[in-house]
Amino acid sequence: AWDVAFRRFVIRVNSGVAGPSCVAAARTAPSVDYDTLTSAPDGLQYREEQYYSVDTCDLVTDGTPIGAPATALASFWRFDMCVQMTGNVYVIALADGRYVKFQVVGYYAPDRQIECDETGSVGQPSGSGNVRVRWAWIDPPAS
């Protein structure tokens, strides 16, 4: 009975290898503004969780130096020397037919996240592991 799960910088949806439901997530185009998004855009490529190979049970990583699972929401961050936010906006299709717009705005304390995003490094204490998101209900796609 869950839709989205958080564990530090890994965020997953309840589907595929992550759970028994049918929640799916799609990244919107880079030009999509979170504040003006009111309905799910047509033509999005929704993904269920597939970060484990079904045949070999091997972890499918996101390609970062950390080697985190390649979850459907993995592109909310990039890593050089700290967890930088990409600003990507997602649409999450819940199993009950509702839609949510979703954006991760921070992994560190707010002042430290700005430092990381702007400089590529983060001072200590960083306040890491304090994931901040914003989300809101939106209308389903028009078609």
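Below you will find a few notes about this structure. (Residues numbered from 1 in each chain as written. Predicted model: local features only at pLDDT ≥ 70, side-chain atom pairs only at ≥ 80, totals over all residues. Heavy atoms only, no water.)

1. Overview of the sheet that holds strand β3 (residues 24-27)
Sheet strands pair via backbone hydrogen bonds, and the direction of the pair is either parallel or antiparallel.
In step 1: If you walk across this open sheet you meet the four strands as β3-β6-β7-β8, and the pairing is antiparallel. Of all strands in the sheet, those with a lone pairing partner are β3 and β8 (132-138), marking the two edges. Going across the sheet, the axis of each strand differs from the next one's by a mean of 25°, ignoring polarity.
In step 2: Two strands pair when backbone bridges link them, and strand β7 (residues 99-106) and β8 are joined in this way by seven bridges, in the antiparallel orientation. By the bridge assignment for β8, Val100 is matched with Trp137. (Pairing = 2+ DSSP bridges. Helix = DSSP H or I, 4+ residues; strand = E, 2+ residues; numbered from the N terminus. Axes fitted to C-alpha atoms, helices over the stretch in contact; angles between N-to-C directions.)

2. Considering the pattern of salt bridges
In step 1: Considering all chains together, one arrives at three salt bridges under this definition.
In step 2: A salt bridge links Asp96 to Arg98, with the shortest nitrogen-to-oxygen separation between them at 2.8 Å.
In step 3: The closest approach of N and O atoms between Arg112 and Glu115, which form a salt bridge, is 2.8 Å. Separated by three residues within a single helix, Arg112 and Glu115 lie in helix α1 (residues 110-119), roughly one turn from each other.
In step 4: What makes Glu115 partly exposed here is its relative accessible area of 26%. (Salt bridge = Lys/Arg side-chain N within 4 Å of Asp/Glu carboxyl O. Buried < 20%, exposed > 50% of the residue type's maximum accessible area, 1.4 Å probe, protein only.)

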